[in-house]
Amino acid sequence: MILKILLAILVVLLMLMVVFRKKIRKITINKPLFILGILLALTDAFLMWNGHVLGENTTGIASIIGIIGIGLIATSSVSGKPKKTPNQ
């Protein structure tokens, strides 16, 4: 069941990447901020999975960490035109 859901999400993401591939190439990403957001989101997933790491209220702390991680991922893209090289 879970594998089918993950596979469906993967197919949808791949279709979106094909449709918006020109726009994706123009976007630059702040890589340290993006990596920090991914690490926080993965930490959130681990804390949600193993609920006894920080005591009984682990899910509350984990949800806050997850929200911060998703926020960092969302703000890591820098919009604007890419820098032109001197040959252009």
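Just so we're clear, the structure is a prediction, and the values are computed from it rather than from any experiment.

A. Looking closely at the overall build of the chain. When its secondary structure is counted, the chain shows 4 helices and 2 strands. Going from N to C terminus, the chain has its helices and strands arranged as α-α-β-α-α-β. When the 88 residues of the chain are sorted by exposure, 10% land in the buried category. Taking as baseline every contact in the chain between residues at least 6 positions apart, the subset at least 24 positions apart corresponds to 60%. Accessible surface for the chain amounts to roughly 7,700 Å². Of this, 73% is attributable to carbon and sulfur atoms.

B. Molecular detail of helix α4 (residues 58–75). With 18 residues, α4 should cover 26 Å at 1.5 Å per step; its first-to-last C-alpha distance of 26 Å lies within 8% of that length. Of the surrounding elements, those touching the buried residues of α4 are α3 (31–49).

C. Fine view of a nonpolar patch on the surface. Together, I2, I5, L6, I9, V12, L13, L16, V19 and F20 line one region of the surface with nonpolar side chains, adding up to about 860 Å² of accessible area. Take L13: it is sitting in helix α1 (residues 2–19). A relative accessible area of 48% means that L13 is categorised as partly exposed.

D. Here's a closer look at the packing of aromatic side chains. Summed over all chains, the structure comprises 1 aromatic pair. Aromatic side chains F46 and W49 sit 6.1 Å apart centroid to centroid with 45° between the ring planes, which places their arrangement in the tilted category. Of the two residues, F46 and W49 both sit in helix α3, 3 residues apart, roughly one turn of that helix. Using a relative accessible area of 69% as the deciding quantity, one classes W49 as exposed.

E. Representation of α3 within the structure. Between the first and last C-alpha of α3 there are 27 Å, a value that for 19 residues agrees with the 27 Å anticipated at 1.5 Å per step. Among the residues making up α3, those that are buried are G37, D44 and L47. Seen from one end, α3 has its buried residues packed into an arc of 90°, which puts them on one side. When the buried face of α3 is taken as reference, the exposed residues oriented beyond 90 degrees from it are K31, P32, L42 and W49. Buried residues along α3 sit against α4.

F. Representation of the environment of I68. With respect to the helices and strands, the residue I68 is situated in helix α4. With relative accessibility at 46%, the residue I68 sits in the partly exposed group. Here the alpha-carbon distance between I68 and G37, two residues 31 residues apart in the chain, equals 7.4 Å.

About the criteria used
- Residues numbered from 1 in each chain as written.
- Predicted model: local features only at pLDDT ≥ 70, side-chain atom pairs only at ≥ 80, totals over all residues.
- Heavy atoms only, no water.
- Helix = DSSP H or I, 4+ residues; strand = E, 2+ residues; numbered from the N terminus.
- Buried < 20%, exposed > 50% of the residue type's maximum accessible area, 1.4 Å probe, protein only.
- Contact = heavy atoms within 4.5 Å.
- Areas by Shrake-Rupley, 256 points an atom, 1.4 Å probe, with all protein chains shown as cover.
- Expected span 1.5 Å × (residues − 1).
- Patch = residues over 30% accessible without salt bridge, like charges linked within 9 Å, V, L, I, M, F, W, Y side chains within 5 Å.
- Salt bridge = Lys/Arg side-chain N within 4 Å of Asp/Glu carboxyl O.
- Phe/Tyr/Trp six-rings, centres within 6.5 Å; stacked < 30°, edge-to-face > 60°.
- Arc of directions from axis to C-beta.

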